[in-house]
Amino acid sequence: MIPSSVPLSDLRNGKEAGLTFYMSKYGSSLRFFAYSIVKDKGAAEEIVSDSFYKLWNGRARTKTEANVRAFLYLSTRNACYDYVDLNVNRMKHDSDALDLLIQPDQDFEAQIIYNELLNAISKELEKLPATQAKVFKMSFFEGLETNEICEMLNTTPSTVYFAKSKAIQTLKEIFKEKNLKYYSLFLFFMLNK
């Protein structure tokens, strides 16, 4: 017998509390993930809702917490690709996809972790002063150079450098206090930008 958590047992037994738990736990990250692909907030919301509906319909076959997480991301990703009409790595994404998730693909797992990190960074950026958050997003998420940021914000390079370094320092401190895993991932993210 595979040990399971209360939310997983609730989900498997058809209790809405189980589904509500996973919606709360993964909803925000999944919407961020979906939006990063489809670039449409309404479509991202609908795709994520549909992924939870598919999970609910296939709940009896869920085995582990990792299966639930992987299924939700896989279902969301496939629906996003369908939405933007991409023919990249399509998989059958009905309730039978749950059977394929006993051993999630390591590359896909890396995508999930990376997406969760970006979502965590985005949430923390909302708490920073507006200029720091904007400069960080423009630099690291949009890939803009300092001179491009200066032109768009009508500011000086020293202001951009200061805002960027202050944002990085603040985020490092936040992630160090929150969770060693996210702190390590954040440092890795910064080194690879």
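(A) Region of the structure containing helix α7 (residues 146-153). Turning to α7, its buried residues are Thr146, Ile149 and Cys150. Within α7, the buried residues cover an arc of 105 degrees as seen down the axis, which keeps them to one side. In α7, the exposed positions that point more than 90 degrees away from the buried face belong to Glu151 and Met152. In this structure, the buried residues of α7 make contact with α6 (130-141) and α8 (157-178). Among the residues trailing α7, Asn154 stands out with phi positive, at a value near 55 degrees.

(B) Main features of the packing of α7 against α8. Packing of α7 against α8 leaves a shortest axis separation of 9 Å and a crossing angle of 105 degrees. With respect to α8, the axis of α7 lies roughly perpendicular. Packed against α7, whose contacting residues are Thr146, Ile149 and Cys150, the element α8 presents Pro157, Val160, Tyr161 and Lys164 at the interface. Each residue belonging to the contact of α7 with α8 can be placed in one class, and the counts come to five nonpolar, one polar and one charged.

(C) Main features of the packing of aromatic side chains. Counting across every chain of the model gives three aromatic pairs. Here the aromatic rings of Phe21 and Tyr22 are separated by 5.1 Å at their centres, their planes lie at 80 degrees, and the arrangement is edge-to-face. On the basis of relative accessibility, which here comes to 0%, the residue Tyr22 falls in the buried class. Here the aromatic residues Phe21, Tyr22 and Tyr26 are joined through ring pairs into a cluster of three or more. Lying over the aromatic face of Trp56, Arg59 brings its terminal NZ or CZ to 4.1 Å of the ring centre.

Conventions adopted
Residues numbered from 1 in each chain as written. Predicted model: local features only at pLDDT ≥ 70, side-chain atom pairs only at ≥ 80, totals over all residues. Heavy atoms only, no water. Buried < 20%, exposed > 50% of the residue type's maximum accessible area, 1.4 Å probe, protein only. Helix = DSSP H or I, 4+ residues; strand = E, 2+ residues; numbered from the N terminus. Arc of directions from axis to C-beta. Contact = heavy atoms within 4.5 Å. Axes fitted to C-alpha atoms, helices over the stretch in contact; angles between N-to-C directions. Parallel < 35°, antiparallel > 145°, perpendicular 65-115°, else oblique. Nonpolar A, V, L, I, M, F, W, Y, C, P; charged D, E, K, R; others polar. Phe/Tyr/Trp six-rings, centres within 6.5 Å; stacked < 30°, edge-to-face > 60°. Lys NZ or Arg CZ within 6 Å of the ring centre and 35° of its normal.

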